[in-house]
Amino acid sequence: MSKVLVTGADGQLGKCLQDAAVDFQEYDFVFVNRAQLDITNPIAVAKFFADESFEYCINAGAYTNVEKAESDKENAFRVNAEGAKNIAEACHKNGVVLLHISTDYVYNGRKKSAYVETDETDAISVYGASKLKGEVWIQEKCATHFILRTSWLYSQYGHNFYNSMLRFAEEGRSLSITTEQVGTPTNANDLAKAALAIIASKSEAYGVYHYSNEGSATWYDFARAIFEQSGKLEAVTLEKTDHYRTFAARPEYSVLSKEKFFKHFSAPRLDWRESLQNLIDNQKRV
């Protein structure tokens, strides 16, 4: 039975991967959080890999607080760049295929059509730069890698835009949501299935891929859809704003082309609104 290591087990994607793994009984998954494996510690990472016989590693461990990263650059790079490097070196040394999760924030957002994997990267935030440096390290250190860039992740788990909007609805908030940025909200449950589809394929078509849900939206569009589809639109006062001050610069446009991914792999291909409704319906059944 193939053994698969998954880092970042306590994050939203890590939890979605645990849920999705139930349908992949032919694999032996080992989920670890930071306390169990600190990916920023190269000695600990090397020993952990040496003591096990992994065939795959999904690196879902990451520093994901885009705003805080601006004032916490050292830690963002320690996790997203140095951590990725440590994992890549261990994978190379032990013959492990690495599947690393990256982000649309490696792009500057000046393009007005969907980004393809070969487009020039140019991160404009500390978070984006730290993730981009992690990609560079992986490409240098481990030939057998898949880098999977995604966008605007949300799920039923953790701190994310979706859960924040539902909380604000319960509080009856008045909200001004930006229309400045265009991207694709992506259900982390779908991303988890996409990642596991890569492993199940046993493909050797290594390299960079994009995966997100289909379509595009502004953050205002996403917020309104969350309220409408969950039946909570009347609970909030929702307004658009052209300007919303943030510490971190964010790409104005970061829709990703998924054509390369779907040429090689079979995974959910849902419009973001449909996937959002799936999550809302699933939560109602719990």
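From a predicted model like this one, the values you see are computed outputs, not experimental measurements.

## Here we look at the overall build of the protein chain
Each helix and strand in the protein chain was counted, giving 10 helices and 12 strands. Expected size for 286 residues packed as a compact globule is a radius of gyration near 19 Å; at 18 Å, the protein chain falls within 12% of this value. Expressed along its principal axes, the backbone C-alpha trace of the protein chain runs to roughly 55 × 40 × 35 Å. Across the 286 residues that make up the protein chain, the buried fraction comes to 55%. Carbon together with sulfur atoms contributes 46% to the accessible area of the protein chain, which is approximately 13100 Å² in total. Of the charged side chains in the protein chain, 32 are positive and 38 negative; the average position of the first set lies 2 Å away from that of the second.

## Details of the pattern of salt bridges
Across all of its chains, the model carries 13 salt bridges by this definition. For D122, the salt bridge goes to R110, with nearest N and O atoms at 3.5 Å. Placement of D122 in the loop between β4 (97-103) and α5 (126-141) and of R110 in the loop between β4 and α5 is noted, with a sequence separation of 12 residues between them. Exposure remark for D122: the relative accessible area of 31% places this residue in the partly exposed category. Looking at R110, the relative accessible area reads 61%, which means it is exposed. Close ionic contact of R149 with E135 constitutes a salt bridge, the shortest N to O distance being 2.7 Å.

## Structural notes on the packing of helix α8 (residues 219-229) against helix α10 (residues 272-285)
Relative to each other, α8 and α10 sit at 40°, their axes nearing to 10 Å. Judged by the inter-axis angle, α8 sits oblique to α10. You can see that α8 and α10 cross each other, and the crossing is right-handed. Between α8 and α10, the contacting residues are D221, F222, A225, I226 and Q229 on the first element and W272, R273, L276, Q277, I280 and K284 on the second. Looking at the contact of α8 with α10 residue by residue, the class counts come to 6 nonpolar, 2 polar and 3 charged.

## Remarks on the packing of helix α2 (residues 42-50) against helix α4 (residues 73-94)
Packing of α2 against α4 brings their axes to within 9 Å, and their N-to-C directions diverge by 30°. Relative to α4, the element α2 lies roughly parallel. When you trace α2 past α4, the crossing you get is right-handed. Contacts between α2 and α4 involve P42, V45, F49 and A50 from the first element and N86, I87, A90, C91 and N94 from the second. For the contact of α2 with α4, the residue count by class is 7 nonpolar, 2 polar and no charged.

## As for the nonpolar core
Ranked by size, the top nonpolar core spans 53 residues in total, and within it F49, M165, I177 and L276 carry the most contacts. Going through the elements one at a time, α2, α3 (66-69), α4, α5, α6 (161-171), β7 (174-178), α8 and α10 are the ones with two or more residues in this core. Each residue touching L276, except ones within four places of it in the same chain, is listed here: Y154, Y162, F222, A225, I226 and Q229. L13, A21, A195 and F262 belong to the second-largest nonpolar core, a separate cluster that totals 33 residues.

## Some thoughts on the packing of aromatic side chains
A ring pair, where both rings are aromatic, is described by two values, the distance of the centres and the angle of the planes. Counted according to the given criterion, the structure contains 21 aromatic pairs. Taking the centre distance of 6.0 Å and the plane angle of 10° together, the rings of F48 and F54 count as stacked. Both rings, one in F261 and one in F262, keep their centres 5.1 Å apart while their planes meet at 80°; by these two values the pair is edge-to-face. Each of the two residues, F261 as well as F262, counts as buried. Cluster of aromatic residues (ring-pair linked, three or more members): F146, Y206, Y209, Y211, F261, F262 and F265. Taking NZ or CZ as reference, K85 lies 4.2 Å from the ring centre of W137, over its face. In this structure, K111 packs its charged tip against the face of Y115, placed 5.5 Å from the ring centre.

Basis of the calculations
- Residues numbered from 1 in each chain as written.
- Predicted model: local features only at pLDDT ≥ 70, side-chain atom pairs only at ≥ 80, totals over all residues.
- Heavy atoms only, no water.
- Helix = DSSP H or I, 4+ residues; strand = E, 2+ residues; numbered from the N terminus.
- Rg over C-alpha atoms; globule rule 2.2 N^0.38 Å.
- Buried < 20%, exposed > 50% of the residue type's maximum accessible area, 1.4 Å probe, protein only.
- Areas by Shrake-Rupley, 256 points an atom, 1.4 Å probe, with all protein chains shown as cover.
- Lys, Arg positive; Asp, Glu negative; His and termini not counted.
- Charge placed at Lys NZ, Arg CZ, Asp CG, Glu CD.
- Salt bridge = Lys/Arg side-chain N within 4 Å of Asp/Glu carboxyl O.
- Axes fitted to C-alpha atoms, helices over the stretch in contact; angles between N-to-C directions.
- Parallel < 35°, antiparallel > 145°, perpendicular 65-115°, else oblique.
- Left-handed = near helix turned anticlockwise from the far one by under 90°.
- Contact = heavy atoms within 4.5 Å.
- Nonpolar A, V, L, I, M, F, W, Y, C, P; charged D, E, K, R; others polar.
- Core = buried A, V, L, I, M, F, W, Y, C linked by side-chain atoms within 4.5 Å.
- Phe/Tyr/Trp six-rings, centres within 6.5 Å; stacked < 30°, edge-to-face > 60°.
- Lys NZ or Arg CZ within 6 Å of the ring centre and 35° of its normal.

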